[in-house]
Each structure stands twice: as structure tokens, then as C-alpha cells.
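# Secondary and tertiary structure notes
So you can see what is in the structure, the chains are spelled out below.
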Amino acid sequence: MSQPPNRPPPRRGFLSGLAAAGAALATGLPAPAAPSWLPLRCDVTRIPPDHLALLEATIGEMQQRSRRDPADPKGWRVNALAHTRLCSSVSNADPAQVHGCWWFLPWHRVFLAVTEWKLRALSGDATLTLPYWNWSNDRRIPAAFTRPGSPLADAERHTPDRDLRPVEVDRLLCDPARSALGVAALEARRFTARAPDEIPGSFGGIAKPNGGAWHGRSKMETVPHNAIHNYVGGEAADGSVGDMTGLARAAFDPVFFAHHGNLDRLWEIWRQDPARRATEPTDSDFTQKQFVFPWLDGTVIAVSMSDLETRSLGYAYDRLAVMRDGATPPGDAVAPNAAGPRLASAILPVPSGATRHELRISGVQPGDRPLSVEICLARPGDPASWLSVGALAIGPIPGLATFPDSEPRFDVTAAIRALATPLVEVAVLPLALGPSQRSWPAFQYAGMAIVAPAA
Ligand code: C2O
């Protein structure tokens, strides 16, 4: 592997995804010609030791470069700032903001790929890949990212001392059909939301720009995505938050890439169904879009959204199944703690004769602290009947609310059927976001109701 390190792709400026991947290979990297040589991103718990060591060394070198010179284009900081720059724009209506719209999945796919190309160029190993964290199975930060002294652990974190709850990883155990999917968002039939109403149920979000300047988080983006950011970054007793908790610092934490790797893998699992895949955008607004990323030589490269195949971007996944094996993940058996603190509760009438039921919470307002909550239902007066129906994860919003996901909806059809009750008790339970957290922000909302949505 005689790759002269740090050489940029030969064609600078506008590169399609395909050309950019090819160009990265053309810098002298040994070209893996046969498709079977496509480098595989693997589950971090199965990463070969030499692969992990090379990843640590390469990321460690990038971090050191940034310590010596924050502006070093080969440094970790400059790479992370690509996320900060595009993602922390003040308003979500800002055209540069990739969260809260259909750019969420593709932009992060390309950001990971570009980061991988850099790791390959800097290490001289054309097969180096980012590993993914399968949080459906592993409900704690994987050991490779927490080993003391590892560059992969070099981040500000205030992770709570608990496993991720099933609802935080979008595992809805009270609903047999969704529980079988592993990640409930995989049930979404459409990629693109056609109207604001469809945003929370869509897989990929709403078009941007769109006539109404609508935005909001899709199924995947709210939970599991947001909930895991909150869990990893957490909140310290003095109110400071970890890197992963806020968009501006998230990509400084190496585990960001393993978290987004799993989300990206779930997108591959979802698009294995041709009917679902056919709903992915073909509009020129989408396919002609180019995003720019800083390259190692201080220039920028532009990657077009016209070809988002993982093959074209230079990687594939080792496995396209949600769960690693049949074992019950830790925490699945732990019932919601409805006897503990509650941020809100209500007893609501259940519309009779409906085939579907939705819990709608209106007027949710983000505060200045991060907040993750578990939403549970029970038969009033029956403490043995609590069921988790979903989670909500809100980031800290300093001042202006940038993501007005203020009207969350939860499909509670299976829970209502199981509880068989004309009145249902709803509880909003806080999920601790720090190792020693004892206080929670208020859950600010206007009202809740169980409704029978039109089919
Ligand atoms: Cu750009 Cu997980 O956030």
C-alpha cells in the first residue's frame, strides 16, 4: 500500500459521487476492482483488531493535527466543522440546514463517505471503513469507543449510567408488528412527506425547498436518531452538555460516525424493498443538488446527490438485518417506571369503534435543556398495565426554536387494543440524561388527546 498520503482527488471542484469515489481511488490507492472487494463497514463489536488499531491511529493523528493547528485541513476539527457549518444554522428554514428535511439521510451518507475517503487517504489503506454501532442490540456505547486513552473515546460525554430504553432505539415492544421490525421507522411506506402532516410518518422527511417552507423531523430523525444523540452526549450536573447533544459539536465525537453508520445501514435495509425505494426523490431539485465538503489539501470537493448508491461511494455493509442475532437485548424486559417522576399525565377518553388510534400531543415547546421522555399508557388504576408507546427527544434550543416538531403523534392502536379500556391514562416519563441527573426540565405542551385518524 504505497499510497502517498494526503493527496486530494485529481479532479477538484465538481465531482459526482461516482467520480469522487473513483477519483479517491485514482490518487494511487490500490483499486479494488472486483465488486466483491468493495470495503465492508462492519459491526463495531466484530471489528478485526488490526482494523480497529488503524482506525484509532488515523483518527488519533487527525485529532493531534487539530490540536497543533485548529485550521489544519487534515485535522479532525476541520472535518467535524463540515457538520457544524451546515447543521447549526440559526433557522431550519435556512436552505443550508440539512436536518428537518429530505437532506437528512443523503447528506449524512455523503459526509460519512467523505470522512471515510479521508481516513483511507491518510492511512494509506484503501479498504479502511467506518464501523457502525448497532444500538438495537448494544444499548450502551460500544467498548471500542469508551476504552480509556483511545482516540475514539476522546469526546465530551455525560452519558447516563443506564442502557438505552427500547423506545429510544425505536423498538416498540407493545406492538407485535412493529416489534418484529426491530426499528419501527422501517414501517414507513414513503420516503418523502408530501405535506406537513406526513412529516412525522415519512422515512426521509419533506422536500426542501418547498412552497410552504415546511420542515420537521421524519420518523428516523426524531427517534432513534435524536434520542441516541441525547443519550450519548447527555447533560452534566452543572448544565453543560456533551458533544453529541448539540448539532454544533456532534461530529467531534467519533461515535457520531458509528451512530450515523447504523442509521445509514437502516436506510439500506429500508430501500431493499423496491416499492419503498421507488418513493425516493427523483426530482431535479434533489438529484441535481451538490454539497461541498472540505478536502485534505484545503480545497473543497462537491458531491452530487445524483448517485447515492453505497457502491458508488465506496462501501457496503457486512449485514443488512436490524438485529444481530435472536438474543433479547438488555433492557427489553425492564418495564417503564411509571411510579417514578412524571413530567405530565392525563386521563383521556378513547374514541370507540375506531380501527386505529393516535395519541397526539400539541404545542410541544423545546426548552434550554435537552430532554428525552418515554410516553406510556395504562388502564386507569391498574399499575401493572403500563405500556411504552414511544419516545420524544428534544435538543437544547438556545433562544429561537429551530425545529418546531411541536405536534408529535404516536400510533397507539396496538396498545389501546391490548388495554381494552374506554379511558386511558397517559404518562410522560423523563429519561435521565446524565450520570447524576436529579432534576428535569419541564415538559412544555398545550394538550393531548387520543384520536381516531382518518384511514
Ligand atoms: Cu447531523 Cu445526527 O446529526
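Read on for a plain summary of the structure. In this text, all values refer to a predicted model and were calculated from it rather than measured experimentally. (Residues numbered from 1 in each chain as written. Predicted model: local features only at pLDDT ≥ 70, side-chain atom pairs only at ≥ 80, totals over all residues. Heavy atoms only, no water.)

## Things to note about the side chain of Asn79
Among the structural elements, Asn79 can be located in helix H3 (residues 76-87). When neighbours within four sequence positions are excluded, Asn79 is seen to be in contact with Met62, Phe111, Thr115, Lys118 and Phe257. (Helix = DSSP H or I, 4+ residues; strand = E, 2+ residues; numbered from the N terminus. Contact = heavy atoms within 4.5 Å.)

## Considering helix H2 (residues 49-68)
An ideal rise of 1.5 Å per residue puts 28 Å on 20 residues; H2 measures up with 28 Å between its terminal C-alpha atoms. Buried within H2 we find His51, Leu52, Leu55, Glu56, Thr58, Ile59, Gly60, Met62, Gln63, Arg65 and Ser66. (Expected span 1.5 Å × (residues − 1). Buried < 20%, exposed > 50% of the residue type's maximum accessible area, 1.4 Å probe, protein only.)

## Considering helix H6 (residues 219-233)
Between its first and last C-alpha atoms H6 spans 21 Å; for 15 residues at 1.5 Å apiece the expected length is 21 Å, and the two agree. The largest bend in H6 comes to about 30 degrees, at His225. (Bend = angle between axes of the 7 residues up to and from the residue.)

## Points about the packing of aromatic side chains
The full count for this structure, using the stated rule, is 17 aromatic pairs. Geometrically, the ring pair formed by Trp103 and Phe286 is stacked, given 4.8 Å between the ring centres and 10 degrees between the ring planes. Of this pair, Trp103 sits in the loop between H3 and helix H4 (104-123) while Phe286 sits in helix H9 (residues 284-287), placing them 183 residues apart in sequence. On the accessibility criterion, Trp103 (1% relative accessible area) is buried. Taking the relative accessible area as the measure of exposure, Phe286 reaches 4% and is therefore buried. Measuring from ring centre to ring centre gives 5.1 Å for Phe256 and Phe257, while their planes differ by 70 degrees; the resulting arrangement is edge-to-face. Among the residues examined, Phe257 registers a relative accessible area of 2% and is labelled buried. Ring pairs connect the aromatic residues Trp76, Trp107, Phe111, Phe256, Phe257 and Phe293, which therefore count as one cluster. (Phe/Tyr/Trp six-rings, centres within 6.5 Å; stacked < 30°, edge-to-face > 60°.)

## Here's the deal with the sheet that holds strand S14 (residues 447-451)
What the three strands build is an open sheet, ordered S12-S9-S14; its pairing is antiparallel. Of all the strands in the sheet, the pair left with one neighbour each is strand S12 (409-411) and S14. Sheet twist, expressed as the mean angle between neighbouring strand axes with direction ignored, is 15 degrees. Here strand S9 (residues 358-362) pairs with S12 via three bridges, running antiparallel. Following the sheet pairing, Glu358 is matched in S12 by Asp411. (Pairing = 2+ DSSP bridges. Axes fitted to C-alpha atoms, helices over the stretch in contact; angles between N-to-C directions.)

## Focus: the packing of H4 against helix H7 (residues 255-270)
Two elements in contact, H4 and H7, have axes separated by 10 Å at closest approach and are oriented at 125 degrees. By the angle between their directions, the pair H4 and H7 is classed as oblique. Taken as a pair, H4 and H7 cross one another with a handedness that is left-handed. Counting all contacts with H4, which are made through Phe104, Leu105, Pro106, His108, Arg109, Phe111, Leu112 and Thr115, the residues of H7 involved are Phe256, Phe257, His260, Gly261, Asp264, Trp267 and Glu268. Classifying every residue of the contact of H4 with H7 by side-chain character gives eight nonpolar, four polar and three charged. (Parallel < 35°, antiparallel > 145°, perpendicular 65-115°, else oblique. Left-handed = near helix turned anticlockwise from the far one by under 90°. Nonpolar A, V, L, I, M, F, W, Y, C, P; charged D, E, K, R; others polar.)

## With respect to the sheet that holds strand S8 (residues 344-349)
Strand order across the open sheet formed by four strands is S8-S13-S10-S11, with antiparallel pairing between neighbours. Two strands in the sheet have a free side with no partner beyond their single neighbour: S8 and strand S11 (387-394). On average, each strand axis in the sheet is inclined to that of its neighbour by 20 degrees, with strand direction left out of account. Of the strand pairs in this sheet, strand S10 (residues 371-378) and strand S13 (residues 423-430) are connected by six bridges, and their pairing is antiparallel. Paired with Val373 across the two strands is Pro430, which belongs to S13. Sheet strands in contact with H6 are S10 and S11, and its direction is about 65 degrees off that of S11.

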